[in-house]
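Each chain is listed here by its residues.
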Amino acid sequence: MEKRRNVYEATLSRLDKIFSDFDNIYVSFSGGKDSGVLLNLCINYIRQHKLKRRIGVFHMDYEVQYSATLQYVEQVFSRNTDILDIYRVCVPFKVPTCTSMYQNYWRPWNEKEKNLWVREMPRSAFRKEDFDFFSEEDWDYDFQMKFSEWIHRYKRARRTCCLVGIRTQESFNRWRTIHSDKNYCCYQRLKWTRKITDNVYNAYPIYDWRTTDVWVANGRFKWDYNHLYDLYYQAGVKLEKQRVASPFISAAIPSLQLYRVIDPQMWGRMINRVNGVNFANLYGSTGAMGWYTIKCPPHMTWEKYMHFLLNTLPEDIKKNYLEKLRVSIEFWRNRGGVLSDNTIEKLRKMGIQIAVGETTNYKTTKKPVRMEYLDDIDIEEFRELPTFKRMCICILKNDHSCKYMGFAPTKVERERRDRIMEKYKKLYEEDGQ
């Protein structure tokens, strides 16, 4: 009976395929545990097989980061200069932020704010001038996509592979990246790969690893790792919550207060870097950022409070929220949101005027309900209903896209997605010919 392979043995087999078929390979390395273990796997593979080749390391330097992460990144680079081509990118692309009421993105390494940089730019860094494709409108994820095509041309490669350390255990979206039937195309039908453009692919060799596998590998092979995780562990942060990410995005808000304890010097510089960091630190891990504890000021309705909050914001941010509100009001007034029979019955008992339809274009058994905006409502289905309180919560949470109110991506975001999908569709059709 054939012995079942463990995830380490399966990954080595995948690396065999990658190093055999691709002449240009680079690892997307953040300094976190997953990309770290993937880079160590590749370094070990090259050394154990005595390959006379180099691999690239793509590191997006977000300027603001734990000192432990910066030390780890420098250590990995300095110990492996004989086999690594290092692309340390320090460019002012747009990065989402949920700490500020005044801005929905910030730019690391923005020359206009050089006096606020939390540290000096590394001398070996690649700057925006090094990339002919860079645009001020690029978000960080746009830059990642464009970089893969750039390095393919830069290296004059026949076939390029970007190795990405994502694991399906981390989230449903990552699981879907690997297993979804709607994925357009991959390399030789290997489900752990995805085509980016002609002869350029992403590969996810450790997609089936669990968090414990990562730490077992680090311990067994005595690999370097980011000792920030030791500090996380000592601080009582659960394994699945220990992440290395930009400190200003929504996923990192609950752990902002750790910067004050783990890296006080960096924390002092962060407060001046992006507006609202200290507020998010104080309230991001508490119920103060949730709808159930937010209080309306005395003698004000939620609608009046909303306008009060809006008047404290820059004009462009204010207009963004008002446009979201306009769209939402028209939606509930003319089309209606879908609600369960139980919710509909609750609204009727409370004397709220609603118009209930029988059919909807949505694939659901719920019924479409048209209604006017409410000031507030105290029922379990609060988040499903249109209230000015929900808009207040979006403003207080710095939720510029109003995801809390159920908004889908904007027109600009949809157009960007459609362009990418159309590109993949063409690639898929070409592969099928």
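The present account deals with the structure reproduced in this document. Computed from a predicted model, the values in this text were never measured in an experiment.

Here we come to the sheet that holds strand E10 (residues 355-356). Reading across the sheet, the three strands line up as E9-E11-E10 and stay open at both edges, with antiparallel pairing between neighbours. Across the chains shown, the open sheet's two edge strands, defined by having one partner strand only, are strand E9 (337-339) and E10. Pairing analysis gives two bridges linking E10 to strand E11 (residues 367-370), with the strands arranged antiparallel. Along E11, the bridge assignment pairs Ala355 with Arg370. Across the sheet, helix H12 (residues 315-335) is in contact with E9 and E11; its angle to E11 comes to roughly 115°.

Glancing now at unusual backbone geometry. Notably, Lys50 is not glycine yet its phi reads approximately 50°, a positive angle. Within the fold, Lys50 resides in the loop between helix H2 (33-48) and strand E2 (55-60). The class for Lys50 is exposed, based on a relative accessible area of 72%. The phi torsion at Lys222 lies on the positive side, around 55°, for a residue other than glycine. Looking at the secondary structure, you find Lys222 in the loop between helix H6 (211-221) and helix H7 (228-234). Given a relative accessible area of 72%, Lys222 falls into the exposed group.

One pass over the structure, following the stated rule, counts 22 salt bridges. Asp82 is the salt-bridge partner of Arg47, the closest N and O atoms lying 2.9 Å from each other. You can see Arg47 sitting in helix H2 and its partner Asp82 sitting in the loop between helix H3 (67-79) and strand E3 (84-89), a full 35 residues away along the chain. The partner of Arg79 in a salt bridge is Asp224, with the nearest N and O atoms 2.8 Å apart. Of this pair, Arg79 sits in helix H3 while Asp224 sits in the loop between H6 and H7, placing them 145 residues apart in sequence. By relative accessible area, which is 22% here, Asp224 ends up partly exposed. Counted as one network, the salt bridges with shared partners bring together Asp61, Glu74, Arg88 and Arg119.

With mixed pairing, six strands are arranged side by side in an open sheet as E3-E2-E1-E6-E8-E7. Pairing within the sheet leaves two strands with one partner each, and these edge strands are E3 and strand E7 (193-197). The average angle at which neighbouring strand axes cross in this sheet is 25°, direction not considered. Pairing of strand E6 (residues 160-164) with strand E8 (residues 200-203) involves four bridges; the strand directions are parallel. Paired with Leu163 across the strands is Ala203, a residue of E8. Across the sheet, helix H1 (residues 7-21) touches strand E1 (24-28), E2, E6 and E8, and the angle it forms with E6 is around 155°.

Turning next to the pairing of E8. Of the two faces of E8, the one lined by Val200 and Asn202 and the one lined by Tyr201 and Ala203 are each fully buried. By the bridge criterion, four bridges tie E7 to E8 in an arrangement that is antiparallel. By the bridge assignment for E8, Lys195 is matched with Tyr201. A loop of two residues connects E7 with E8, the two strands running antiparallel in sequence, and Asn199 in this loop sits at a positive phi of about 65°.

Calculation notes
- Residues numbered from 1 in each chain as written.
- Predicted model: local features only at pLDDT ≥ 70, side-chain atom pairs only at ≥ 80, totals over all residues.
- Heavy atoms only, no water.
- Pairing = 2+ DSSP bridges.
- Helix = DSSP H or I, 4+ residues; strand = E, 2+ residues; numbered from the N terminus.
- Contact = heavy atoms within 4.5 Å.
- Axes fitted to C-alpha atoms, helices over the stretch in contact; angles between N-to-C directions.
- Buried < 20%, exposed > 50% of the residue type's maximum accessible area, 1.4 Å probe, protein only.
- Salt bridge = Lys/Arg side-chain N within 4 Å of Asp/Glu carboxyl O.

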